[in-house]
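# Tertiary structure, described
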Amino acid sequence: MVFLSTTTPGDSGSTMKPMGSFVYAMPDRTNPKSTISTILCNSAGSIEYATRTAKVLARRTALPVYVGCNVDPVSTGTTVEEEMEGFKKIIDAVMARWEESR
């Protein structure tokens, strides 16, 4: 289970962030390059990011994955390049922790 959350400059420590989207993904046993995902909780701004993260992690770990995410790249004002760089760093960090635990 992974939960991704962001803050913006100026947020106080007591500001409550919404949960965002919650997605379940698992590898497709008939096609190893494919994944199956189900949206458990939908928040318009973060659903695409949560689904993409869950599918990549499920495919790389070959295990079912839950991903909670309130990351909304549009509201944070990031460019596509910044978004992809952040996504890559998230995947790399999660996979490094997963490899350590094996």
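The sections below set out a description of the structure shown in this document. What you see is a predicted model; the values in this text were computed from it and never measured. Counting starts from 1 at the beginning of each chain's written sequence and moves along it residue by residue. Where local features are concerned, this predicted model is filtered to residues with pLDDT of at least 70; where side-chain atom pairs are given and counted, the filter is 80 or more; whole-chain, interface and lining totals use all residues. The basis for every side-chain value is the complete set of heavy atoms in the structure, and neither hydrogens nor water enter the calculation.

To pair, rings of Phe, Tyr and Trp, with the six-membered ring standing in for Trp, must have centres within 6.5 Å; the planes then decide the type, stacked if under 30 degrees apart, edge-to-face if over 60, and tilted in the middle. Applying the stated criterion across every chain, the model contains 3 aromatic pairs. Relative to Y66, the ring of Y24 lies with its centre 4.9 Å away and its plane at 50 degrees, an arrangement referred to as tilted. Highlighted residues: Y24 in strand β2 (residues 21-27) and Y66 in strand β4 (residues 65-69), separated in sequence by 42 residues. When the ring of Y49 is compared with that of F87, the centres are 5.8 Å apart and the planes differ by 80 degrees; the resulting orientation is edge-to-face. Of this pair, Y49 sits in helix α1 (residues 47-61) while F87 sits in helix α3 (residues 80-101), and the two are 38 residues apart along the sequence. Whether a residue is buried, partly exposed or exposed follows from its accessible area with a 1.4 Å probe, protein chains only, as a fraction of its type maximum: under 20%, in between, or over 50%, in that order. What makes Y49 buried here is its relative accessible area of 5%. F87 sits in the buried class, given a relative accessible area of 8%. Here, a charge over a ring means that NZ of Lys or CZ of Arg falls within 6 Å of the ring centre while also lying within 35 degrees of the ring normal. Above the face of the F87 ring, R52 is positioned so that its terminal group lies 4.8 Å from the ring centre. The helix count covers DSSP runs of H or I at least four residues long, the strand count covers runs of E at least two residues long, and both are numbered beginning at the N terminus.

This part covers α1. Helical geometry: 3.6 residues make up each α-helical turn, so side chains three or four residues apart lie on a common side. Here, expected helix span is obtained from the residue count minus one, scaled by 1.5 Å. For α1, which comprises 15 residues, the first-to-last C-alpha distance of 21 Å matches the rise-based estimate of 21 Å (1.5 Å per residue) to within 8%. Of all the positions in α1, only I47, Y49, A50, T51, T53, A54, V56, L57, A58 and T61 are classed as buried. Residue contacts are counted whenever heavy atoms from the two residues lie within 4.5 Å of one another. Buried residues along α1 sit in contact with β1 (2-4), β2, β3 (35-41), β4, α2 (73-76) and α3. Following α1 by one or two positions, A62 has its phi on the positive side, about 60 degrees.

To continue, consider the environment of I39. Mapping I39 onto the fold places it in strand β3. Along the backbone, I39 and A25 are 14 residues apart, and their C-alpha atoms lie at a distance of 8.7 Å.

We now examine the pattern of salt bridges. Salt bridges, as used here, are contacts in which a Lys or Arg side-chain nitrogen is within 4 Å of a carboxyl oxygen on Asp or Glu. Taken as a whole and assessed by the stated rule, the structure comprises 4 salt bridges. Across the pair K88 and D92 runs a salt bridge whose closest N-O atoms are separated by 2.8 Å. Taken together, the positions of K88 and D92, both in helix α3 and 4 residues apart, correspond to about one turn of that helix. Two residues, E99 and R102, come together in a salt bridge whose shortest N-O distance is 3.8 Å.

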